[in-house]
Amino acid sequence: MKFLGPPSSGSQAGTTSSHNRFGQYTRNRRTPVNTNTTQQGVVRARMSANAALWRTLTSAQRAGWTDLANSMTRTDSLGSSYTLNGFLAFCSVNNNQAAAGNAGLTDAPALTTPPTILTATVTLTAAAFSVAYTVTPLGTGARLFSFVSPQRSAGRNFENDYRLLAVSAAAAASPAVLTAAYTAKFGVPIVGNRIFMSFTTYLGGFQSGPLVMSQVVA
């Protein structure tokens, strides 16, 4: 049900508040479906490992992560900015480290802002999926993180389900070939379907801002 009132997000008792392009609305609260997918298991195992490693840190190491967290700003669903706490900064950096195939960090690194991908030209057919990007090659130690959506209707113009599909080698040169990885995860791209993509650059435990785009399978 749509309503006029102060910005709201989240659940209280049996009501959930949210918003879309047409404004704010409320709905009956539902218990999320626990699909127990392989990726869910990976994420849960990673967070458990983070928590176990966090418990082994010294007070000085935790203080270092808290200092880093004060410089890590995020935006919530209502558009408000906030900073992380030490544990969340630790998880953010080490989740990126794990995704990149690098070892976890116990000492907080210096805050790094990786350069964004400037352009991306996608080739997307039932037999080929690749992205030619700039700048190329990536800088020393930098990797391309490619996030994609499942296949959607061509008429869709909004997506909020991006999943990490592939991570390039360090300092990789364009293009990134995603055909095999996408087919294994979501099936062969079907002509006429739309796929949403988000590309970021990873460096030193941090990700750049995303370059977001979509394309219909030709």
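Relevant structure appears above.
Numbers given to residues run from 1 along each chain, matching the order in which its sequence is written. Only residues with pLDDT of at least 70 get local features here, since the model is predicted, and only at 80 or more are side-chain atom pairs given and counted; chain-wide, interface and lining totals rely on the full set of residues. With hydrogens and water stripped out, all remaining heavy atoms of the structure feed into the side-chain values.

Novice: So what's going on with the overall build of the protein chain? Which residues, and what values?
Specialist: Looking only at helices and strands, the protein chain features 4 helices and 13 strands. Here the protein chain holds 218 residues, and the buried ones make up 31% of them. Taking as baseline every contact in the protein chain between residues at least 6 positions apart, the subset at least 24 positions apart corresponds to 58%. Total accessible area computed for the protein chain in this model is approximately 12200 Å², and 56% of it derives from carbon and sulfur atoms. None of His or the chain ends enter the tally, which takes Lys and Arg as positive and Asp and Glu as negative. Where a charge sits is defined by one atom per residue type, namely NZ (Lys), CZ (Arg), CG (Asp) or CD (Glu). For the protein chain, the centre of its 16 positive side-chain charges and the centre of its 5 negative side-chain charges are spaced 11 Å apart. The helix count covers DSSP runs of H or I at least four residues long, the strand count covers runs of E at least two residues long, and both are numbered beginning at the N terminus. A 1.4 Å probe rolled over the protein chains alone gives each residue an accessible area, and that area as a share of the maximum for its type sets the label: buried under 20%, exposed over 50%, partly exposed in between. In this description, contact between two residues means that some pair of their heavy atoms is separated by no more than 4.5 Å. Here the accessible surface of atoms and residues is derived via Shrake-Rupley with a 1.4 Å probe, and residues count as covered only by protein chains that are part of the display.

Novice: Account for the nonpolar core, naming residues and giving values.
Specialist: In plain words, nonpolar cores are sets of buried Ala, Val, Leu, Ile, Met, Phe, Trp, Tyr and Cys residues tied together by side-chain atoms within 4.5 Å. Counting residues in each nonpolar core, the largest one holds 21 residues, and the members touching the most others are F129 and F199. Among the elements of the structure, β6 (119-124), β7 (129-134), β8 (143-148), α4 (179-186) and β11 (194-203) are those that each provide at least two residues to this core. Setting aside residues no more than four positions away along its own chain, F129 makes contact with V122, T123, L124, V148, A176, V177, L178, T179, Y182 and M197. Residues L68, A69, A89 and V93 belong to the second largest nonpolar core, which totals 11 residues.

Novice: An account of unusual backbone geometry is requested, with residue identities and associated values reported.
Specialist: Peptide bonds are mostly trans, and most non-glycine residues show a negative phi. The omega torsion across T136 and P137 is -5°, close enough to zero to call that bond cis. The omega torsion across S174 and P175 is 5°, close enough to zero to call that bond cis. With respect to the secondary-structure elements, P175 resides in the loop between β9 (163-167) and β10 (176-177). Positive phi, close to 55°, is recorded for A171, a residue that is not glycine. Topologically, A171 is positioned in the loop between β9 and β10. A171 sits in the partly exposed class, given a relative accessible area of 34%.

Novice: Pulling in residues and values, what's your account of the sheet that holds β7?
Specialist: One open sheet holds the 3 strands; their spatial order is β6-β7-β10, and the pairing between them is antiparallel. Each edge of the open sheet carries a strand with a single partner, namely β6 and β10. Strands are treated as partners if at least two bridges between them are detected by DSSP. By the bridge criterion, 2 bridges tie β7 to β10 in an arrangement that is antiparallel. Bridged to S130 within β10 is V177.

Novice: Give me the environment of A170: which residues, what numbers.
Specialist: Looking at the secondary structure, you find A170 in the loop between β9 and β10. Judged by its relative accessible area of 37%, A170 is partly exposed. As a C-alpha pair, A170 and T75 span 95 residues in sequence and 29 Å in three-dimensional space. Apart from the residues lying within four places of it in its own chain, the contact partners of A170 are G141, A142 and R143.

Novice: Describe the environment of A154, listing the residues and the values that go with them.
Specialist: With respect to the helices, strands and loops of the structure, A154 is situated in the loop between β8 and β9. Among residues more than four places away in sequence, those in contact with A154 are G192, R194 and V216.

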